[in-house]
Amino acid sequence: LLVSSANPNICFACSPYSGLYKSTNMGALWLPVDTPTIQAATCIAQNPFNPLIIYVGAGSVYKSTDGGNTFSPTSGCNYFPIACDQADANTVYSGANGVQRSTDAGSHWGVVPGTTGTLLAILALPSGAVLVGAQNNGIYYAANGKTATSFAKITSAAFPTTVYSVALTNCSSSP
């Protein structure tokens, strides 16, 4: 679910079974976004520097530059999480067998070396730091996600070894 930072009346919802939906009245009415290629949307993120830029993960990464009215595919792969960098308008992260990163607003993507596996969550912090939660593998951290050459594991051996869901969030008063 995404509530637009520019207009709280505009909301988006993803469904892995039926695609992408948009509401312009705070969720009272939902209509499918007429994008035939986005049939199984699993995640959505809005650029914090430009609310007209929206990314949707649906096997591939799709980008809208008109507030979610139309979407075009990028060259990125995506399975679940997607996040926009909070310190750089052109950096986007996605999860597809490791941390996928684009530093040119989705035009080109590459895997951050040393990151593998299925990602379940990505959290980009205002400082530029990034945390990722990996299925059955823990939580990883990079102080600067845009330039990171690797992510360091920050969970201890006490962290559960069977993890199928991770949610990451930050405290806005103490990020």
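Reference entry: report on the structure contained in this document. (Residues numbered from 1 in each chain as written. Predicted model: local features only at pLDDT ≥ 70, side-chain atom pairs only at ≥ 80, totals over all residues. Heavy atoms only, no water.)

Re the sheet that holds strand S6 (residues 54-64)
Part 1 of the argument: The strand order across the open sheet formed by 3 strands is S5-S6-S7, and the pairing between neighbours is antiparallel. The open sheet has two edge strands with one neighbour each: strand S5 (43-46) and strand S7 (72-78). When the angles between neighbouring strand axes are averaged without regard to direction, this sheet yields 35°.
Part 2 of the argument: Direction of pairing for S6 relative to S7: antiparallel, over a ladder of 4 bridges. Within S7, the position partnered with Gly-59 by the bridge is Asn-78. (Pairing = 2+ DSSP bridges. Helix = DSSP H or I, 4+ residues; strand = E, 2+ residues; numbered from the N terminus. Axes fitted to C-alpha atoms, helices over the stretch in contact; angles between N-to-C directions.)

Examining the nonpolar core
The nonpolar side chains of a soluble globular protein tend to be buried, and buried together.
Part 1 of the argument: In terms of nonpolar packing, the biggest core is built from 14 residues, with Tyr-93, Val-99, Leu-119, Ile-122, Val-130, Val-132 and Phe-151 touching the most fellow members.
Part 2 of the argument: Those elements giving two or more residues to this core turn out to be strand S12 (119-124), strand S13 (130-134) and strand S14 (138-142).
Part 3 of the argument: Residues in contact with Val-130, not counting those within four places in the same chain, are Tyr-93, Ile-122, Leu-123, Ala-124, Tyr-140, Tyr-141, Ala-142, Gly-145 and Phe-151.
Part 4 of the argument: Among the nonpolar cores identified, the runner-up in size contains 12 residues, and Leu-2, Val-33, Ala-41 and Ala-58 belong to it. (Core = buried A, V, L, I, M, F, W, Y, C linked by side-chain atoms within 4.5 Å. Buried < 20%, exposed > 50% of the residue type's maximum accessible area, 1.4 Å probe, protein only. Contact = heavy atoms within 4.5 Å.)

Some points on the layout of surface pockets
Part 1 of the argument: Empty space within the largest pocket amounts to approximately 440 Å³.
Part 2 of the argument: Lining of the largest pocket is provided by 24 residues; of these, Ile-82, Ala-83, Gln-86, Ile-122 and Leu-123 occupy positions nearest its centre.
Part 3 of the argument: Of all the secondary-structure elements, those providing two or more residues to the lining of the largest pocket are S5, strand S8 (82-84) and S12.
Part 4 of the argument: Counting residues per element, the lining of the largest pocket draws most heavily on S12, at 5 residues.
Part 5 of the argument: Of the residues assigned to the lining of the largest pocket, the class counts are 19 nonpolar, 5 polar and no charged. (1 Å grid on protein atoms, 1.4 Å probe; cavity = no way out; pocket = protein on both sides within 12 Å on 5 of 7 lines; lining within 4 Å. Points joined across faces, edges and corners; volume = space filled by probe spheres on them. Nonpolar A, V, L, I, M, F, W, Y, C, P; charged D, E, K, R; others polar.)

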